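These are the residues of each chain, in order.
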Amino acid sequence: MNDDVVTCPICNSDDLEKINTYKHYCYVCNDCNNIFHIKKEKYLLEYILPKSLCKKFIPEKAFLRLFSDDGSTASEFYDVYATECLHISEWRKSEIRQIVDQLKLAQIDLQGKTVLDISGGPGYVGQQLKKDCARIVVTEFSEKAVDVMRNQLNIATAKFDYTKDRLEDIFDEKFDLIMLRSSIIFCPNLDSLIASLRNILSPGGHILIETITPSLGEVFWWQQLEYKFPIIYSQETIEKYFYKHGFSLSAGFRDSGSYVGVKKRSYSNFSKHFFTWVIEYPMVLGYYLLSKLSCVAVDQRLHHKMLTQIWRKTEAFENTQDRPYVNYQQGSKNKSKTFGYIYNGYLGK
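Conventions used here
- Residues numbered from 1 in each chain as written.
- Predicted model: local features only at pLDDT ≥ 70, side-chain atom pairs only at ≥ 80, totals over all residues.
- Heavy atoms only, no water.
- Salt bridge = Lys/Arg side-chain N within 4 Å of Asp/Glu carboxyl O.
- Helix = DSSP H or I, 4+ residues; strand = E, 2+ residues; numbered from the N terminus.
- Buried < 20%, exposed > 50% of the residue type's maximum accessible area, 1.4 Å probe, protein only.
- Expected span 1.5 Å × (residues − 1).
- Bend = angle between axes of the 7 residues up to and from the residue.
- Patch = residues over 30% accessible without salt bridge, like charges linked within 9 Å, V, L, I, M, F, W, Y side chains within 5 Å.
- Areas by Shrake-Rupley, 256 points an atom, 1.4 Å probe, with all protein chains shown as cover.
- Pairing = 2+ DSSP bridges.
- Core = buried A, V, L, I, M, F, W, Y, C linked by side-chain atoms within 4.5 Å.
- Contact = heavy atoms within 4.5 Å.
- Phe/Tyr/Trp six-rings, centres within 6.5 Å; stacked < 30°, edge-to-face > 60°.
- 1 Å grid on protein atoms, 1.4 Å probe; cavity = no way out; pocket = protein on both sides within 12 Å on 5 of 7 lines; lining within 4 Å.
- Points joined across faces, edges and corners; volume = space filled by probe spheres on them.
- Polar contact = N/O pair within 3.5 Å; in protein donor to acceptor, adjacent residues only side chain to side chain.
- Axes fitted to C-alpha atoms, helices over the stretch in contact; angles between N-to-C directions.

J.: Tell me about the pattern of salt bridges, and name the residues and values.
T.: Tallied over the entire structure, the rule returns 15 salt bridges. Residue arginine 92 is joined to glutamate 95 by a salt bridge in which the shortest nitrogen-to-oxygen separation is 3.3 Å. Residue arginine 92 and its partner glutamate 95 are both found in helix 6 (residues 90-105); the two are separated by three residues, about one turn of the helix. In this pair, the class of arginine 92 matches that of glutamate 95, namely buried. Taking the shortest distance from any N to any O, the salt bridge between arginine 166 and glutamate 168 comes out at 3.8 Å.

J.: Break down helix 14 (residues 270-291) for me, citing the residues and quoting the values.
T.: An α-helix turns once per 3.6 residues; consequently, residues spaced three or four apart project the same way. Its 22 residues give helix 14 an end-to-end C-alpha distance of 30 Å, which sits within 8% of 32 Å, the value for a rise of 1.5 Å per residue. The largest bend in helix 14 comes to about 35°, at threonine 276.

J.: Please give an account of a nonpolar patch on the surface that cites residues and values.
T.: A cluster of nonpolar side chains, Leu44, Tyr47, Ile48 and Leu49, forms an exposed patch at the surface whose accessible area comes to about 430 Å². Relative to the helices and strands, leucine 49 resides in the loop between helix 1 (44-48) and helix 2 (51-57).

J.: Please set out the sheet that holds strand 3 (residues 35-39) residue by residue, giving values where relevant.
T.: Taken in spatial order, the four strands make up an open sheet running 1-2-3-9, and their pairing is antiparallel. In this open sheet, the two strands that pair with only one neighbour each are strand 1 (16-20) and strand 9 (231-232). Pairing analysis gives two bridges linking strand 3 to strand 9, with the strands arranged antiparallel. Opposite isoleucine 35, over in strand 9, you have isoleucine 232 as the bridge partner.

J.: Summarise the nonpolar core; cite the residues concerned and give the values.
T.: The biggest cluster of nonpolar side chains holds 41 residues, and the ones touching the most others in it are Ile118, Ile178, Leu180, Ile184, Leu193, Leu197 and Ile207. In this structure, isoleucine 118 is in contact with Thr139, Phe160, Tyr162, Leu167, Ile178, Met179, Leu180, Arg181, Ser183 and Leu197, ignoring residues within four places of it in sequence. Judged by nonpolar contacts, the second largest core, of 33 residues, contains Ala62, Met283, Val284 and Met306.

J.: Would you mind going over the packing of aromatic side chains in detail, with residue names and values included?
T.: A ring pair, where both rings are aromatic, is described by two values, the distance of the centres and the angle of the planes. Enumeration according to the criterion identifies 17 aromatic pairs in this entry. For the pair tryptophan 221 and tyrosine 281, a centre-to-centre distance of 5.6 Å together with 10° between the ring planes defines the contact as stacked. Taken as a pair, tryptophan 221 in the loop between helix 11 (216-220) and strand 9 and tyrosine 281 in helix 14 lie far apart in primary sequence, 60 residues in all. Relative accessible area serves as the criterion here: at 24%, tyrosine 281 is assigned to the partly exposed category. Centre to centre, the rings of tyrosine 243 and tryptophan 311 are 5.1 Å apart; their planes meet at 85°, and the pair counts as edge-to-face. Placement of tyrosine 243 in helix 12 (residues 235-244) and of tryptophan 311 in strand 11 (residues 303-313) is noted, with a sequence separation of 68 residues between them. For the pair tyrosine 243 and tryptophan 311, a shared accessibility class is recorded, and that class is buried. Taken together, the ring pairs in this structure connect Trp221, Trp222, Tyr259, Trp277 and Tyr281 into an aromatic cluster.

J.: Describe the layout of surface pockets, naming the residues involved and giving the relevant values.
T.: Estimated volume of the second largest pocket: approximately 290 Å³. If you trace the second largest pocket, you find 19 residues lining it, with Thr213, Pro214, Gln235, Arg254 and Lys305 closest to the centre.

J.: So what about the environment of asparagine 199? Which residues, and what values?
T.: With respect to the helices and strands, the residue asparagine 199 is situated in helix 10 (residues 190-199). Excluding anything up to four places from it in sequence, asparagine 199 contacts Glu168 and Lys174. Separated by 2.8 Å, the side chains of asparagine 199 and glutamate 168 make a polar contact.

J.: Describe in detail the sheet that holds strand 4 (residues 114-118), supporting the description with residues and values.
T.: A sheet is described by the order of its strands in space; here eight strands give the open sequence 6-5-4-7-8-11-10-12, paired in mixed fashion. Unpaired on one side and paired on the other, strand 6 (156-159) and strand 12 (326-329) mark the two borders of the sheet. Adjacent strand axes in the sheet meet at a mean angle of 15°, parallel and antiparallel pairs treated alike. Where strand 5 (residues 135-140) lies against strand 6, four bridges are found, and the strand directions are parallel. Bridged to threonine 139 within strand 6 is alanine 158. Sheet strands in contact with helix 10 are strand 4, strand 7 (175-181), strand 8 (201-212), strand 10 (247-258) and strand 11, and its direction is about 145° off that of strand 8.

J.: With reference to specific residues and values, describe unusual backbone geometry.
T.: Residue proline 122 follows glycine 121 across a cis peptide bond; omega there is 10°. Here proline 122 is to be found in the loop between strand 4 and helix 7 (124-129). For asparagine 12, which is not a glycine, the phi torsion comes out positive at approximately 65°. Take asparagine 12: it is sitting in the segment before strand 1. Take asparagine 12: its relative accessible area is 59%, and that puts it in the exposed class. Although it is not a glycine, serine 119 sits at a positive phi angle of roughly 50°. Mapped onto the elements of the fold, serine 119 is located in the loop between strand 4 and helix 7.

This is the structure in structure tokens:
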């Protein structure tokens, strides 16, 4: 793409800072503080090493972190949920405990309620919440994952693609709670999405949204993804669109923590540690130091930042916030599932 015609997809500003990452060009908007990515046609190591030869000797997951794989699609890349839903880890199981605590803090009772979990793979959360609510539907981008969750976990599922589908065209029912967890970064038009959410949400219904927010840590720790999320929305942008479409904020939480701790905790075998600390981390630091030459309008730490919000649909456009935000730091006392740790119930303490 020609740099001369690049504008922010959120606010149409051309006041952008361009950051070079391994597989993508990252653009930080100085006006609205959102981040978007444009994938490169060729990566650095592909200019240096023979790609076809490396594919024969490098493990598949490591290869996809360093090279492009012309034979796969984004859908196939996320078929991993079809396998993961059959082997749920303790870390994944702790996800349900964190969601239950979040709903309790917002005083949301699921008894008799209908729930939609958008991009809810690998489906364990939907399977567990099914015991408490009247009905739950889980969507995913991968058709294979949708089929396995339906057949193996016995939950209602539907295929949904943020870039192509409208929720109103898929569902003709209303939901009392809609959850969007770590997925709106794949949505190219948040304004239209929230309008669609309102259309399929029951009066007084709630939306639980979890998402990363802009930081250089979110840019560089994920720079090797072959199918990287295209947009990181700022908290201000998310709130602007929810207020625009007639929602009030019932509860809000912000988590932050070091990615170094996440990597040490999450990767238990030698091969993953070797790749992380010998290849990935030096690459993170190298591209990060180059980015420091420019001043970007987002958090410049190599940290992970997560925003959780629970919104209530109002009949009048109240634009209110029921409770103040609560801020949590990753550490020995607060271990959020968000950071690759087993959630220890700190929200309920």
